[in-house]
Amino acid sequence: MSELHDEFFSAFDQGNWFLASQKIVSLADQSDYGAEILIRLFEGDRFLSNGKFFPGICRDERYPRITQQIVDLLCEQLDRDQSVFEKRVFLNVTPTDFSNPLTVEKLAGLGQKFHQSNRDLVLEFSEIFTPDELFASLETVEVFREAGIIIGLDDYGTGVIRATDIAAFPFDLVKSDRSLCGFEDAWDSPLHAELMQVSKTKPLILVAEGIEDIDHTSGLLALGYQYVQGYAFDQPSKLIQRN
């Protein structure tokens, strides 16, 4: 595992990475809602699979400096040309990010910068958060909220965060994983019903992730989702690369 992590950081340190974005659209009319920022690593003319690094790499104590560099690059792009960004920009954050004061400071500053450009930063808590880590972050979340940041949960259904945690934590948005939403056989999972029950007691923006079949639109709407992300609606495209 250490060798795998070293491969990731080596590629990053050599500048073999860029940021891509993938749109999130309305299930009702397929209008643009926002876009998620994605890291893409490469070696020569070959892309490295994110799947072999994530989510495990997010537990590495070196990961906050990756987030810091991503934030710096986004800030630079905002200063150059804001028009490349959607109205809402989604960025994944990890428990190691929250343990690093500089990363927290940079994320809050990025939120303010997006807010000043009439855009919203959505910080998606990685699925690797435990309930203890989640609730230990409440003070930091208040700092983010003051910066105008929207708080979301990524990949619901794959980690240990459950609907009861979502009900108790100040999430604004939940993105359900492809394993729950991308296959009709998974639509009967009780995790959907539990999430929809929470959405009746507090306002929640609900996104279905990893959708590769446009014919799933009506079924996801019936489940209670409002927005969707996946190859059926948008292919990730290159956004920014550091010079």
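Residues numbered from 1 in each chain as written. Predicted model: local features only at pLDDT ≥ 70, side-chain atom pairs only at ≥ 80, totals over all residues. Heavy atoms only, no water.

1. Remarks on the overall build of the protein chain
Along the protein chain, the regular secondary structure elements total 10 helices and 10 strands. Counting only residues that meet the buried cut, the protein chain has 53% of its 243 residues in that class. Surface accessibility of the protein chain: about 11000 Å² in total, with carbon and sulfur atoms responsible for 48%. Taking the average location of the 21 positive side-chain charges in the protein chain and that of its 40 negative ones, the two points are 4 Å from each other. (Helix = DSSP H or I, 4+ residues; strand = E, 2+ residues; numbered from the N terminus. Buried < 20%, exposed > 50% of the residue type's maximum accessible area, 1.4 Å probe, protein only. Areas by Shrake-Rupley, 256 points an atom, 1.4 Å probe, with all protein chains shown as cover. Lys, Arg positive; Asp, Glu negative; His and termini not counted. Charge placed at Lys NZ, Arg CZ, Asp CG, Glu CD.)

2. Considering unusual backbone geometry
Put simply, Phe54 and Pro55 share a cis peptide bond, and its omega is 0°. With respect to the element layout, Pro55 can be found in the loop between strand E3 (46-48) and helix H2 (63-80). Despite not being glycine, Asn118 shows a phi value in the positive range, around 65°. Among the structural elements, Asn118 can be located in the loop between helix H4 (101-116) and strand E5 (120-125). One non-glycine residue, Asp155, adopts positive backbone phi at about 55°. Within the element layout of this structure, Asp155 appears in strand E6 (residues 150-156).

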